[in-house]
Amino acid sequence: MLTLRLPDGATREAPEGALPREIVASIGSRLLRDAIAVEVDGEVLDLTTPLRKGGAFRVLTEKDAESLSVLRHSGAHILATAVRRLRPDAKIGFGPSIEDGFYYDFEVEEPFTPEDLEKFEAEMRKVIAEKFSFVREEVSQPEAQKRFADDPLKLERLGEFSSDEIISTYTDGPFVDLCRGPHVPDTGYLKHFKLLHTAGAYWRGDERRQMLQRIYATAWFRKEDLEAHLHRLEEAKRRDHRALSQLLDLYSTDARVGPGLILWHPKGAIVRNEIENYERALILRHGYELVYTPHIVSEKLFQISGHLENFKEGMFGAMDVDGAAYRPKPMNCPGHICIYQSRQRSYRDLPIRYAEFGAVYRYERSGVLHGMMRVRGFTQDDAHVFCTLEQVPAEIERLMDLCDEMLRTFGYPYTIELATRPEKALGSPELWKQAEATLADVLTKRGQAYEMDEGGGAFYGPKLDFKLIDAIGRKWQGPTVQLDFNLPERFGLEYTGADNAAHRPIMLHRVLVGSMERFVGGLIEHFAGAFPLWLAPEQVRVIPIADDFREFAASVVRRLKARGARAHLDDRSETLNYRIRDGETMKVPYMAVVGKREAEADSIALRVRGAGKKQEILTVADFTARVEDELATRALVP
Ligand SMILES: [Zn+2]
Ligand SMILES: [Zn+2]
């Protein structure tokens, strides 16, 4: 007999092989109606999988997060059912649930077209209306071989089962799949879904194997959730930083330079430079000192730091310099450590805070490169704080203030995660525990809410991860603060204490924007290319309605420039409407239109981005003062 412990503390005895649905029914018929699956001893099972072990027993309904992936994976079966009805020749691969939905891989002669997807989706609705039960069967290897005789991909997978492994198949109506589950009870449970797009995908992700056709879909329990997700997808497409950067002339890549390496165009460089100028002033005010370190570094340094041992697959290959191996640096820390060690340090010198906009190079597989978001070379706004153990809490506090100030300037709300010891880690578990406790302590004392990211720490220490929330609710990697007890040990860092003896300092690594490339890419999407005034490459465009007012328009530009604004004169011989439309397309925050009346009154007719045709008449003096004030405060306008 198996013993099942229910959440309310009650227990149920059941013979081995009993079905979860029988247990759920014995708890209540209403619960059975709502049940999607169950969780037994941490494992999610469908209602028809025979119980083989006891333990904590929980019924999962639509309200439980786990149920969504059960629904989505079932959706993959339904998709395959529909595809096989319309294209009996399609060979089937795998169909897992993924974030927000599911996919299924098919081997077909011709790639699927958008029209195919429409037909598949319509067919899925029929399969759903037929409410086929997902029927589980546990079968022998020969029986399974027979069932999938026409599906070579399934046969390959079957060949990998060990003799004591249970082979299960699931049948919904005409379709049978090799699968261990879990699934929803029948196909009728899938209601709110949409097929999204197709993509080529190598069988088992192996580029030496054949290319399959992957169909992506999204699925939800509630109609509102599906609609909200589709809206988010549309918004994400509209905001794609690669397309916007092309339109706004911000950056490009070039096959001759190499993939994943960003060329910043003048307008993109303005955005970046504004961020760097802002941040430089900010951190100098927060007690940092600026340093510079070289891009290529002797490999010996990374032997000491442990990067070669722990991060080798992320590093570019070695180059030979006078018989010694050098590598592009993947991180700036070792260089900063060498500066620290260049002279004797006393407790009176601490904390020491070094900051650098340091270019680093990291190998990423070509398949994962994505615009400015995943690249092979990027600039980190990196800093390292060397301090005593006693100074750590105050330094973390100071860093939290710094991060908060910076994120408010860009208008990002954020959440914080505390990332703990990963599998591959330097240093003793005790040291890690102590470091994690220090970080948790500061957060708690500040009353700062945070989530745990178990195993998400860097290999040399635990960290605080700030996650930015953008305009459409997506989370981006923001500032990180890492506590490090390990590198000081490896490099033998020291300072002389008040007792005249040598002590080991603690090191903090921190970035605010992280990768400048990714941060700017994220900003482009957050603002949909419509940068706030202080970041906009072109801040004001002055447009004379006719040649007669060219001189006056030029004087407005001069006066704006004198106040530090990036103002341009658009005196092209195009129509006024054309020039205004062009300014709108280029997302210029302010357009100042001037004609006879304006020239006489020393005023402008102001068109504010996003305000449509509405015009505001104000004097040039008032306008320049307003622009100057908005720039000085880095106001998030218009
Ligand atoms: Zn399945
Ligand atoms: Zn570092």
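Calculation criteria
Residues numbered from 1 in each chain as written. Chains lettered and ligands numbered in written order. Predicted model: local features only at pLDDT ≥ 70, side-chain atom pairs only at ≥ 80, totals over all residues. Heavy atoms only, no water. Buried < 20%, exposed > 50% of the residue type's maximum accessible area, 1.4 Å probe, protein only. Helix = DSSP H or I, 4+ residues; strand = E, 2+ residues; numbered from the N terminus. Pairing = 2+ DSSP bridges. Core = buried A, V, L, I, M, F, W, Y, C linked by side-chain atoms within 4.5 Å. Axes fitted to C-alpha atoms, helices over the stretch in contact; angles between N-to-C directions. Parallel < 35°, antiparallel > 145°, perpendicular 65-115°, else oblique. Left-handed = near helix turned anticlockwise from the far one by under 90°. Contact = heavy atoms within 4.5 Å. Nonpolar A, V, L, I, M, F, W, Y, C, P; charged D, E, K, R; others polar. Donors = N, O, S within 2.8 Å, 3.2 Å for Na, K, Ca; no water. Tetrahedral: all angles 85-135°; square planar, octahedral: opposite > 155°, others 65-115°.

A. Summary view of the pairing of strand β24 (residues 463-469). The buried count for β24 comes to six of seven residues, which makes it a mostly enclosed element. Bridging between strand β22 (residues 414-419) and β24 involves six bridges; their strand directions are antiparallel. Counted as the bridge partner of alanine 419 is lysine 463 from β24. Bridging between β24 and strand β25 (residues 475-484) involves six bridges; their strand directions are antiparallel. Bridge pairing in β25 links lysine 467 to glutamine 477. Where β24 hands over to β25, the hairpin turn is made up of five residues, of which glycine 473 adopts a positive phi near 80°.

B. Representation of the nonpolar core within the structure. In this structure, Ile275 and Phe410 are the most contacted members of the largest nonpolar core, which totals 79 residues. Looking at this core element by element, the count peaks at nine residues for helix α13 (residues 392-410). Among the nonpolar cores identified, the runner-up in size contains 39 residues, and Leu71, Leu195, Ile215 and Phe221 belong to it.

C. Main features of the packing of helix α9 (residues 266-285) against α13. Viewed as axis vectors pointing N to C, α9 and α13 meet at an angle of 150°, and their least axial separation amounts to 11 Å. Considering the angle they form, α9 stands roughly antiparallel to α13. The hand of the α9/α13 crossing is right-handed. Counted together, Ile275, Tyr278, Leu282, Ile283 and Arg285 of α9 and Leu402, Glu405, Met406, Thr409 and Phe410 of α13 form the full contact between these two elements. A breakdown of the residues in the contact of α9 with α13 according to their chemical character gives seven nonpolar, one polar and two charged.

D. Molecular detail of the coordination of the zinc ion (ligand 1). His73 (NE2), His77 (NE2), Cys179 (SG) and His183 (NE2) make up the full set of protein donors to the zinc ion (ligand 1), lying at 1.9 to 2.1 Å. The coordination sphere of the zinc ion (ligand 1) comprises four donor atoms, whose angles at the metal cover 90 to 128°; the geometry is tetrahedral. Spacing between the donor residues of the zinc ion (ligand 1) along their common chain follows H-x3-H-x101-C-x3-H. Residue histidine 73 and its partner histidine 77 are both found in helix α3 (residues 65-86); the two are separated by four residues, about one turn of the helix. No difference in accessibility class separates histidine 73 from histidine 77, as the two residues are buried.

Note that all results are geometric; they support no functional claim without further evidence.
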